[in-house]
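# Residue-level structural notes
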Amino acid sequence: MRRLTAAVAAALLVVSAAACSSEREGPDNTADTAKGFAADALIGVALPSKTSENWVLAGDLFTNGLTEAGFQSDVQYAGASTTVADQQAQITAMITKGAKVIVIGATDAAQLSTQVAQAKQSGAVVIAYDRLITNTPDVDYYIAFDNFEVGRLQGQALLDGMKAKKATGPWTIELFSGSPDDNNSGVFFNGAMDVLKPAIASGDVVVGSGQTEVKQTATQGWKAENAQSRMDSLLNSTYAGGKTLDGVLSPNDTLARAIITSVKSAGKPLPIVTGQDSEVESVKSIMAGEQYSTINKDTRKLVAETITMVKALQTGGTPTVNDTKSYDNGVKVVPAYLLPPVIVTKANAAEAYANDPKLAPLTK
Ligand code: BGC
């Protein structure tokens, strides 16, 4: 009997705790947000380490854009090695300083639940920027380029590039994916495989090494040296006997250049290599006919749209989203605002970068 009472009491406690927490944290019930916040409030921006140019750009754009919009800003990057702990500490510090919105480009999607829970408890709104934060109910919005579409465009570019070079198959390829702790990596890969799988199934495309699982193709930390050493060992094994490599699916520009370096130093002909991010050195490489493609995800647009979200929250409004189904983070489907990525090859580079003062001159 006593046990039963204890169980009932425990159950009641759970129910009332749940009721409390839903009053405090329920999505339609965020009293603080509904009232908005001061026009000069502090906005925190926690970015990962600078694994590609887009992150470097984003930091400056956030600092300037938030200041111009009248906010105070605190923009931080995770360091190069202790990335997860750095980012966790930076987010905690932003909460302590009273940030009203915390924009996060996660260094590890699954390691921020404690910090975002603290952020929610303090009344701050959490926006996942470019990379989704997983396994937590405490992320309010997601803003990114359409990652699945990025992958599809990469897969299609790989097929198109190989066909343009050699009209009929079979074509032999290798697959690379990004860092497993970045939620985007699997989404890019799945998008690319959505296009490549039928060609692999029909035998038109052959993965030379047979390594087709995302785990086998991963590049820890998005580090160039990791992609380069995997490419070195593929060339020394699968391709040692002189087998032709027609194409490489590379998830971004930094890794594309590492793969190209590896192929060059092995003295082999360059395959079609895809990329992403429109990095300066890759745009030069595309114009020189080495890297085949990249993806234009204009960081200026992504940051501007994020600041638009922050402004909506400041006035007590609801930020605009255009996707409420794609990004299930394991606990909830996070309302997302997705921008369209653009595929860029030598053929459309001038047009694609016409409005980019840094890249346009490279395409002349
Ligand atoms: C971004 C890519 C970038 C990669 C490595 C991803 O999450 O979406 O644009 O290339 O991180 O920094």
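Residues numbered from 1 in each chain as written. Predicted model: local features only at pLDDT ≥ 70, side-chain atom pairs only at ≥ 80, totals over all residues. Heavy atoms only, no water.

## Thoughts on the confidence of the model for the chain
Looking at the chain as a whole, its pLDDT mean stands at 92, while 91% of the residues score no less than 70. A low-confidence stretch, residues 1–32 (pLDDT under 50), is modelled with 9 contacts involving residues beyond four sequence positions or located in other chains. (pLDDT = per-residue confidence, 0-100. Contact = heavy atoms within 4.5 Å.)

## A look at the packing of aromatic side chains
Tallied over the entire structure, the rule returns 5 aromatic pairs. Here the aromatic rings of Phe62 and Tyr129 are separated by 5.2 Å at their centres, their planes lie at 70°, and the arrangement is edge-to-face. In this pair, Phe62 sits in helix α3 (residues 53–68) while Tyr129 sits in strand β4 (residues 125–129), placing the two residues 67 residues apart along the sequence. According to the relative accessible area criterion, Phe62 is buried, its value standing at 1%. The exposure class of Tyr129 is buried, given its relative accessible area of 2%. Between Tyr142 and Tyr327 the ring centres are 4.7 Å apart and the planes differ by 65°, which places this aromatic pair in the edge-to-face class. Of this pair, Tyr142 sits in strand β5 (residues 141–145) while Tyr327 sits in the loop between α12 (299–314) and β11 (336–339), placing them 185 residues apart in sequence. Accessibility assignment for this pair places Tyr142 and Tyr327 in one class, buried. (Phe/Tyr/Trp six-rings, centres within 6.5 Å; stacked < 30°, edge-to-face > 60°. Helix = DSSP H or I, 4+ residues; strand = E, 2+ residues; numbered from the N terminus. Buried < 20%, exposed > 50% of the residue type's maximum accessible area, 1.4 Å probe, protein only.)

## Notes on the nonpolar core
Core analysis: the biggest nonpolar cluster contains 26 residues, and Phe62, Val101, Ile127, Tyr129 and Ile143 have the highest contact counts within it. Elements that contribute at least two residues to this core include exactly β1 (42–47), α3, β3 (101–104), β4, β5, α12 and β11. Of the residues forming this core, the biggest block, 6 residues, is contributed by α12. Here Tyr129 is in contact with Leu47, Trp55, Ala58, Phe62, Val103, Ile104, Gly105, Ile143, Thr299, Leu302, Val303 and Thr306, once residues within four sequence places are set aside. Judged by nonpolar contacts, the second largest core, of 25 residues, contains Ile102, Leu112, Ala124 and Leu338. (Core = buried A, V, L, I, M, F, W, Y, C linked by side-chain atoms within 4.5 Å.)

## Section: the pattern of salt bridges
Applying the stated criterion across every chain yields a total of 11 salt bridges. Across the salt bridge formed by Lys284 and Glu281, the nearest N and O atoms sit 3.2 Å from each other. Residue Lys284 and its partner Glu281 are both found in helix α11 (residues 280–287); the two are separated by 3 residues, about one turn of the helix. A relative accessible area of 39% places Lys284 in the partly exposed class. (Salt bridge = Lys/Arg side-chain N within 4 Å of Asp/Glu carboxyl O.)

## Topic: the sheet that holds strand β6 (residues 171–175)
One open sheet holds the 4 strands; their spatial order is β7-β6-β8-β9, and the pairing between them is parallel. The open sheet terminates on both sides in strands that have one partner only, identified here as β7 (205–207) and β9 (272–273). Pairing geometry for β6 and strand β8 (residues 247–249), over 3 bridges, is parallel. What sits directly across from Glu174, in β8, is Val248. (Pairing = 2+ DSSP bridges.)

## Here's the deal with the site of the ligand
The local shell around the ligand holds 14 residues, among which Ser52, Asp130, Arg131, Asp182 and Asp277 are the closest. Note that an oxygen atom of the ligand is positioned 2.7 Å from one of the side-chain N or O atoms of Arg131. Within the complex, 100% of the 310 Å² of free accessible area of the ligand lies under protein. Both of domain 1 (6–139 + 298–339) and domain 2 (147–297 + 344–363) provide at least three residues apiece to the shell around the ligand. (Near = heavy atom within 4 Å. Polar contact = N/O pair within 3.5 Å; in protein donor to acceptor, adjacent residues only side chain to side chain. Areas by Shrake-Rupley, 256 points an atom, 1.4 Å probe, with all protein chains shown as cover. Domains from an automatic or database assignment.)

## Overview of unusual backbone geometry
Each neighbour pair has its own omega, and for Gly169 with Pro170 the value is 0°, a cis peptide bond. Examined against the element boundaries, Pro170 turns out to sit in the loop between α6 (147–165) and β6. Its identity as a non-glycine residue notwithstanding, Asp130 has a phi of 70°, on the positive side. Assignment of secondary structure puts Asp130 in the loop between β4 and β5. The backbone of Asn135 sits at a positive phi, close to 55°, despite the residue not being glycine. Structurally, the position occupied by Asn135 is in the loop between β4 and β5. Residue classification places Asn135 among the partly exposed positions, given a relative accessible area of 47%.

## Side note on the packing of α6 against helix α7 (residues 183–201)
Closest axis-to-axis distance for the α6/α7 pair is 7 Å, and the angle between their directions is 40°. For the element pair α6 / α7, the angle class is oblique. In terms of crossing hand, the pair formed by α6 and α7 is right-handed. Mapping the contact onto sequence places Asn147, Phe148, Val150, Gly151, Arg152, Gln154, Gly155, Gln156, Leu158 and Leu159 in α6 and Asn184, Val187, Phe188, Asn190, Gly191, Ala192, Asp194, Val195, Leu196 and Ala199 in α7. The class makeup of the residues in the contact of α6 with α7 is 10 nonpolar, 8 polar and 2 charged. (Axes fitted to C-alpha atoms, helices over the stretch in contact; angles between N-to-C directions. Parallel < 35°, antiparallel > 145°, perpendicular 65-115°, else oblique. Left-handed = near helix turned anticlockwise from the far one by under 90°. Nonpolar A, V, L, I, M, F, W, Y, C, P; charged D, E, K, R; others polar.)

## Focus on the pairing of β1
Of all the 6 residues making up β1, 6 are buried; the element is thus mostly covered by neighbouring parts of the structure. Every second residue of β1 is oriented toward a common face, with Leu42, Gly44 and Ala46 on one face and Ile43, Val45 and Leu47 on the other, all of them buried. Of the strand pairs in this sheet, β1 and strand β2 (residues 72–77) are connected by 6 bridges, and their pairing is parallel. Its bridge partner lying in β2, Leu42 is registered against Gln72. Between β1 and its parallel partner β2, the chain crosses via α3, and the hand of that crossover is right-handed. Pairing geometry for β1 and β3, over 4 bridges, is parallel. Bridged to Ile43 within β3 is Val101. (Right-handed = clockwise from strand over helix to strand, strands pointing away.)

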